[in-house]
Structures are given as C-alpha cells and as structure tokens.
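Chain by chain, the residues run as shown.
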Amino acid sequence: MRLLHRLNQFQRLWQPSGGAVQRVTVAELAERCFCSERHARTLLGQLEKAGWLTWRAQAGRARRGELTFLTSPQSVRATLLEQELDRGQHQNALDLAQLAPEQLRQVLQPLLGGRWQNDIPTLRIPYYRPLEPLTPGFLPGRAEQHLASEVFAGLTRFDDDCAEPVADMAHHWDVSPDGCSWRFYLRPTLRWHNGEAVSADQLLRSFQRLLTRPGLAQLFASVREISAPHPGCLQFTLHQPDYWLPWRLSGYCSRLAHPDDETQGCGPFRIAGHASALLRLENHAGYHLHHPLLRAIEFWVTPQLFDTALGTSCRHPVQLAIGNEEQLPELRPVSHSVSLGFCYLAINQQGRLTQQQARWLMALIHNSDMIDTLPLGESLITPGNTILPGWEQPPLTAEPVALPPKLRLIYHLPVELHVMAQQLRRRLAALGCELEVVFHNAKSWAGNPALAEADIVMGDRLIGEAAEATLEQWLRCDPLWPLLLHSTGHEQLQTRLDTVQRLPGVQARHEALMHVFHQLMEDAVLTPLFHYRYLISAPPGVNGIRLNARGWFDFSRVWLPPPDA
C-alpha cells in the first residue's frame, strides 16, 4: 500500500525533532528514509504537495535546508483512515490501523459512534478485547454469543416482545400427540449470505455437524434422527418427548451456518471482514425477516479496560459506551436492566467439605458484608441469593461448624471474582482455614480437568433470552456438573431434567425446573452471589437501542438520521 509506505517515511522524517523545524541535509534525510538522495528529493516533493510539510532547500551540495512540518503523522493517519473507510477499503484501513493500542485509540476517536460514511449509515463500536471467531455452537463470550445471533439464523428464534420462541427460518412447526415427532416448515425464500438459496439438505448437514460440537450432543440428547422428508421441511424424531425443543433450537448455539463454509449464515448481518483489530458486519440484502436499518456495524478492538476518559466501549464489560471522546459529555444512558445471569459459588460434592460445612459456608457469605463491601462501583452489581426473580429459595441459615484446615478454590472470569476470592481467603483465614486460590484464565470450564480437585468453585452464568430454558441447558451441558457431583448424583440430575422436559405445559416445566434448582441449593451445591447491572450509553442521533437479555441490543433495529435531518 503506497499510502502506508509514504506515511511511514513521513514518520521517519518527523521522529528526530518530534515535529519541530529541522535544519538538515538531503543526504541525512535519505539515510533516515533508507533511500537514495534522488528519491529523498522526490519524496519531499510528494509530501509537500500533500500538505504535510514544507522543504526549503539551500543551493549547493551538503547545504542544510529547512524542514517544517504542517501536520503530525497521527493526524495524517487519522485522515487517511477515514478516507479509506469512506471508500469502503477496509483492508487499507486495517493496514493504516496497525498501531499500539494507545495510538490506535487516539486515531479512532473521531470515527467512533454512529456516522454516515459515503452515504452509508455505519455504527462503529470500540471494544476492549479481541473477538473470537464466530461459529455455531457454544461460545464463552457474551459479545460473541450476541454476534452469532446477528450473523446466523435458526429454525426458531427468541423475540424481545414474546416469552416463547417464534418463527425464523421455519415459518411454522407442529408436534405429534406423543411429543416425539416435530416438523419444521421452511420459508421458501431463504438465502445464505453469499446469495445461494438454502435447501433442506444443507440444513440437515448443518445440524449433523452441529451435533459434533462439544455440549450440543447433550443438549439434543433426546433426538434420535433428523431428516428432510420434503424440500421444505425438517423433521426431528425423538426417543422421548422434549417440549424444550423449540427453545433449544432458538438459542444462539443452535443457529446454523452453511455446511461448506461456516462464515456464511442467514442472519440479518454477514461477516464482511474479521481481523485482530476489526470485525465488520454488513446487512444481508436477502434476509428473510425485518431488514436492518444500518448498512454496517464495526467493532474496533482498542484494548483498554474500564477507562471512560478515552471513550472506550468498556466502562466495564457489562456497561457499554458507544461514541467517541468528544461525545462523552453528551452520552446518556439509553437502556439499562439487572441481568438475570449471575456469578455463583458451587461446592464440590466429592471434595473435603461435608454438606453441613458447605451450607454454613454459603450462609457465612450471604449473611456477612462480604459481597456488599466489594470495592466496586455502586451501579455495577446487585447482590442476590435467588436463581431467578420469584423463584423459591431455601433459608440461608446454618449452625457454625469447623472447616477443614485447607481448602482449594478455583474460579474464572469475570474480574469481580478476583476480589471475591481474596475476600473469601481472608475471611476463612480468620476462621483457621487456609484457602488456596487458583485462577482459571477463561470464561468457561471447558478443558479444565483440575476443576475436579477443587473444593469450592466460582464462576459466571450468562443468561440470554428464555432464562428457564438457558438454566436447564446449563445443568444438562456444562462440564461443571459431572466434575462436582458424584456419578450417582449427576445421573439423578439428568433423570430429573428428562422428567421436566416431558411436561407439555410451559408453566409446569418452569415450576418443575425451579424445584430442581431449589434442591441443588438445599443440598448446598450451588448459591448465587450477585447479578450485574447492564447499561448502554449512546450519543444523541443513535436511535433504536434497546437492551436485550445479554446486555447488548438488536443491531437490526438501530438507525441513524441523515446528516441534514
């Protein structure tokens, strides 16, 4: 890229004086730019024509000329970056954006938020960490889960305005009286992001691949066979009734990709580019439902945790600020809610704690000020000891009992659990119990066999739409439970979940699942600690933002007024 090379040469000229006027020879400039003196003179002419500097040469060989800078490399880079983005040349923009995080943030600041770029409404969101590849199946990150829902479509889906699954790629479905045969009737106009028509055979192959992903076989354990009896129909034949099936098919993890190219989906947005610094989504012209009002969504990765001063997206990973530094004074909260998800503490039933000791430990945490005194922002968390609002909970009381001299705690992200782990370590030390604290640097328990050696576990349970179905899925699929429960206890748990799924009534399933969790809490296996408070702030002019269950918002509903409106 010629512009990038020219910018790098300009940077080499600038650096020795930091932008101050230089008295220098052409030979010195050529050495600095690793080129001949002839090429150095050509370069100076090009940069002067571009308005970046002025060069006043002196007659005679080896005479010093005067080099004056009219702008800085950072300003030039920002201008070029905006020009390339306006032209839709995102690879060129990425090349220009190859900077240290601090520099990248400064260059990107004027370009963030909602903007019309070359008559294209675009929303640019700064994000605090790299994004994992978007693929079907379980994903640990909340952002990736949301983005997968925007890129891929499923047979059914969740809607913010409806408590039960609604039609997506399937326009209708029905179930046999015995609950063991489900037919999903496909929309005839479905298109992949590449424009290719969707066939039932492709979806069948996509499901077969999906069931090879970790955890998905457990989620669909009741499915005996998936078939395509007609080009416009998929049939699920079960070996036992599962009335959660439309809910299971609506989850982000069950959305389908092209069987021959997993970057292609049928969702409202397609992946236009995914690199370490930029994820760009563009709307899918052939989308079968409500068409997006934005043309493009861009995630620019500018790693910086919990800093509001520079306008990053992360006041905290659950509190997003959309906008640039100049807009920060104008940002206003546009949507907020308390998450149904929660951070939790669980006790290994095969560890050193008896049930009586485990129950007292949980009571100690909730009946003390341990959570209330966490050094966190007041608006960040809400302590809680219920799984879901309105659910029955066992009493959090127990007689004091001596603890083992040593215990082992394993925990993973989020960062608040760092603080919680140290609080618990100090509290137990005062009671004569040494707590070994081990951090698992991931967002899930997948691939961590050391979990079985822990006495206490702390983690985060994300909950998206349909909280009850998500919680059932957690008990059924998460690798946490086989490691914490005795084999008999885990088998009994799965048997109880099978009993719940056979109940046709939604309310009956919810109540039965509540009793399953009540028993886990009564047995001192699990207790919630606190919930997050989701918050999205945006500048004036970014409209249609409404917080969803994952703490994000439906990209297809966001719109920007034209610049002259």
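One can find the structure itself at the top, above this paragraph.
Peer 1: When you look at the pairing of strand 6 (residues 156-159) in this model, what are you seeing that I'm missing?
Peer 2: Along a regular strand, successive side chains alternate from one face of the sheet to the other. Taken together, the three bridges between strand 6 and strand 7 (residues 162-167) define a ladder with antiparallel strand orientation. The partner of Thr-156 across the bridge, within strand 7, is Ala-167. If you look at the hairpin formed by strand 6 and strand 7, you'll find two residues sitting between the two strands.

Peer 1: Help me understand the state of the cysteines in this model?
Peer 2: Every disulfide links exactly two cysteines, by a covalent bond between their sulfur atoms. This structure, assessed with the given rule, holds zero disulfides. For the unlinked cysteine Cys-33, the closest cysteine sulfur is that of Cys-35, found at 5.2 Å.

Peer 1: Honestly, the side chain of Thr-470 in this entry has me stumped. Any pointers?
Peer 2: Following the sequence through the fold, Thr-470 ends up in helix 13 (residues 467-477). We classify Thr-470 as buried; its relative accessible area is 12%. Once residues within four sequence positions are removed from consideration, Thr-470 is found in contact with Leu-462, Ile-463, Gly-464 and Glu-465.

Peer 1: Even after reading the chapter, I still don't get the packing of aromatic side chains, so can you show me in this structure?
Peer 2: Each pair of aromatic rings is reported with the distance of its centres and the angle of its planes. What the rule picks out here adds up to 23 aromatic pairs. Between Tyr-127 and Phe-299, the aromatic rings sit 5.9 Å apart at their centres with planes inclined by 70°, giving edge-to-face as the arrangement. Of this pair, Tyr-127 sits in strand 5 (residues 120-127) while Phe-299 sits in strand 14 (residues 296-301); the two residues are 172 residues apart in sequence, bridging distant segments of the chain. Judged by relative accessible area, which is 1%, Phe-299 ranks as buried.

Peer 1: Help me out: how do you make sense of the sheet that holds strand 10 (residues 223-230) in this one?
Peer 2: Adjacent strands of a sheet pair through backbone hydrogen bonds, lying either parallel or antiparallel. Strands sit in the order 8-9-11-10 across an open sheet of four strands; the sheet is antiparallel. Each of the sheet's edge strands pairs with one partner strand only, and the pair in question is strand 8 (170-175) and strand 10. Neighbour-to-neighbour, the strand axes of this sheet turn through a mean angle of 20°, independent of strand direction. Where strand 8 and strand 9 (residues 181-186) come together, five bridges link them in antiparallel fashion. Paired with His-172 across the bridge in strand 9 is Tyr-185.

Peer 1: Just checking my understanding: could you explain the packing of helix 15 (residues 487-501) against helix 16 (residues 506-522) for this structure?
Peer 2: Packed helices, taken two at a time, are described by the angle between their axes plus the distance between the axes. Where helix 15 meets helix 16, the axes come as close as 9 Å, and the angle between the chain directions of the two elements is 165°. Between helix 15 and helix 16, the angle is such that the two are roughly antiparallel. Once helix 15 is placed against helix 16, the crossing between them reads as right-handed. Along its contact with helix 15, which presents Leu-493, Arg-496, Leu-497, Val-500 and Gln-501, the element helix 16 presents Arg-509, Ala-512, Leu-513, His-515, Val-516 and Gln-519.

Scoring rules and cut-offs
Residues numbered from 1 in each chain as written. Predicted model: local features only at pLDDT ≥ 70, side-chain atom pairs only at ≥ 80, totals over all residues. Heavy atoms only, no water. Pairing = 2+ DSSP bridges. Helix = DSSP H or I, 4+ residues; strand = E, 2+ residues; numbered from the N terminus. Disulfide = S-S within 2.5 Å. Buried < 20%, exposed > 50% of the residue type's maximum accessible area, 1.4 Å probe, protein only. Contact = heavy atoms within 4.5 Å. Phe/Tyr/Trp six-rings, centres within 6.5 Å; stacked < 30°, edge-to-face > 60°. Axes fitted to C-alpha atoms, helices over the stretch in contact; angles between N-to-C directions. Parallel < 35°, antiparallel > 145°, perpendicular 65-115°, else oblique. Left-handed = near helix turned anticlockwise from the far one by under 90°.

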